[in-house]
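As a plain string of letters, each chain reads:
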Amino acid sequence: MLLLRFSKHWMRLLSKLADSGVSTIAERVLAGEELSKREACALMEEGDLYLLGFLADELRRRQVGDLVSFVVNRQINYTNACVAGCKFCAFYRPPRSGEAYTLSVEEVVEKASQAAREGATELHIVGAHNPELPFEYYESMLRELRRRFPELHLKAFTATEIAFFSRNFGMSIREVLLRLKEAGLRSMPGGGAEILDEELRRQLCPGKASAREWLRVMRTAHELGIKSNATMLFGHVESLRHRVEHMLKLRELQKETRGFMSFIPLVYHPEHTPLKRSMPELMRTSAVDVLRTIAVARILLGESFRNIRAYWVMLGKKLAQVALHYGANDLDGTVVEERVAHAAGAETEQFATREELVALIREAGRVPVQRSTDYRIIQRWD
Ligand code: V47
């Protein structure tokens, strides 16, 4: 009986392969070969959900096995005052707006101290392009956090914030990074990547770093021993080809530097964003699109990135759990306070407990592990 069901499963898969016109590509994926842009686009555009899931899950099993990780962390958004004016963002406020805020270094320290008491190992600190803050603010924030909580890993500032500091303070990117590293910066989050396409960025976020600049900041950070993540904001006005090209640019840089720790697809939340105001028909993308995109990410990037994240804050805990069967091997973290997606209509909670993440992973049939920011195992639940 079991055998019958199993062979039906294979028959279904084989007929899908034969019908789909992407069977040779699928064979190349299973042989561990690297796909070209043309092949990757065909898979993204034509590969059906079931096939992509099968391929991604098989690669996930070979590349990272059954461990699924999470980090005990806290996000801190030190300011929302921003001059970049990105059309997809509902978090920022113009610096002079009554709703703009900036945390003092003491307020940041207070949030960190709460995180430390709750067993966090990482602080994820990002803000906005705030022209009213001096460079010393960032240095003293990092110094003070390092002095008070030497055991907390400081993962801070997106590549676009670094490019903004470089422009605003007339320093080279290298100099900015060196000074922040000296003050306590250990790694960088992957935000601000959006879609690494110059034309699309001119439409969506002309006020901030170009695709080339984003990649240049990351290359420089990696050269200086500052590891980072990489994100992709998808499900807005980009095409499937844009997503593939974005991933391939990351794959190229990773070959050069080996400095990326993980890839995090971020699903676009439209509510309260300028983009939604100009395109009211824009809706949050579907679960199927999310799963197909995560699966393609595993197929294109898994060999070099290893860690593909299902960021539960943006996906929702249930879809993130399903994504563990579509190539993802990490759920991000406990988070505690998330503002970017929630400003844009995310209905998820702002935090998850360690127990909840362990249960989600176990229920998906995987082995939960608590990890450090740089993916060392801290605890496992076999
Ligand atoms: O940089 C902005 C994106 C990012 C929206 O590296 C939006 O460990 C959805 O980068 N809908 C912030 N997304 C989040 C981020 C991140 C999160 C978790 C872990 C890590 C990491 C990084 O969110 C922004 C931008 O790309 N974003 N607006 C929106 N409306």
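Before reading on, note that the structure itself is shown above.
Read on for a plain summary of the structure. (Residues numbered from 1 in each chain as written. Predicted model: local features only at pLDDT ≥ 70, side-chain atom pairs only at ≥ 80, totals over all residues. Heavy atoms only, no water.)

**Some points on the packing of helix α4 (residues 49–64) against helix α13 (residues 287–305)**
Here comes step 1: Two numbers describe how α4 lies on α13: the axes approach to 9 Å, and their chain directions differ by 40 degrees. Viewed along their axes, α4 and α13 adopt a mutual orientation that is oblique. For the crossing formed where α4 meets α13, the hand is left-handed. Contact residues: Leu49, Leu52, Gly53, Leu55, Ala56, Leu59, Arg60, Gln63 and Val64 in α4; Val288, Leu291, Arg292, Ala295, Val296, Arg298, Ile299, Gly302 and Glu303 in α13.
Here comes step 2: Residues belonging to the contact of α4 with α13 are distributed by class as follows: 11 nonpolar, three polar and four charged. (Axes fitted to C-alpha atoms, helices over the stretch in contact; angles between N-to-C directions. Helix = DSSP H or I, 4+ residues; strand = E, 2+ residues; numbered from the N terminus. Parallel < 35°, antiparallel > 145°, perpendicular 65-115°, else oblique. Left-handed = near helix turned anticlockwise from the far one by under 90°. Contact = heavy atoms within 4.5 Å. Nonpolar A, V, L, I, M, F, W, Y, C, P; charged D, E, K, R; others polar.)

**Section: the sheet that holds strand β9 (residues 367–371)**
Here comes step 1: The strand order across the open sheet built from four strands is β8-β1-β9-β10, with neighbouring strands paired in mixed fashion. Strands with a single pairing partner mark the edges of an open sheet, and in this sheet they are β8 (330–333) and β10 (377–380). The average angle at which neighbouring strand axes cross in this sheet is 25 degrees, direction not considered.
Here comes step 2: The sheet contact formed by strand β1 (residues 67–71) and β9 spans four bridges and is parallel. Across the sheet, residue Phe70 finds its bridge partner in β9, namely Gln370. (Pairing = 2+ DSSP bridges.)

**Here we look at the side chain of Asp330**
Here comes step 1: Relative to the elements of secondary structure, Asp330 occurs in strand β8.
Here comes step 2: For Asp330, a relative accessible area of 0% translates into the label buried.
Here comes step 3: Separated by 2.6 Å, the side chains of Asp330 and Arg371 make a polar contact.
Here comes step 4: Aside from chain neighbours lying at most four places away, what touches Asp330 is Val68, Ser69, Phe70, Ile308, Arg309, Ala310, Leu324, Arg371 and Tyr375. (Buried < 20%, exposed > 50% of the residue type's maximum accessible area, 1.4 Å probe, protein only. Polar contact = N/O pair within 3.5 Å; in protein donor to acceptor, adjacent residues only side chain to side chain.)

**Quick word on the site of the ligand**
Here comes step 1: The ligand sits among 24 residues. The nearest are Phe88, Lys155, Gly190, Glu194 and His269.
Here comes step 2: In this structure, Phe88 approaches the ligand through a main-chain N or O atom, which is 2.8 Å from a nitrogen atom.
Here comes step 3: Take Lys155: an N or O atom from its side chain is 2.6 Å from an oxygen atom of the ligand.
Here comes step 4: Starting from 610 Å² of accessible surface for the ligand in isolation, the protein chains cover 94%.
Here comes step 5: Split by residue class, the shell around the ligand holds 12 nonpolar, eight polar and four charged. (Near = heavy atom within 4 Å. Areas by Shrake-Rupley, 256 points an atom, 1.4 Å probe, with all protein chains shown as cover.)

**Some thoughts on helix α3 (residues 37–46)**
Here comes step 1: Those residues of α3 not exposed but buried are Glu39, Ala40, Cys41, Ala42, Leu43 and Met44.
Here comes step 2: Buried residues in α3 make contact with α2 (23–30), α4, α11 (240–257) and α13.

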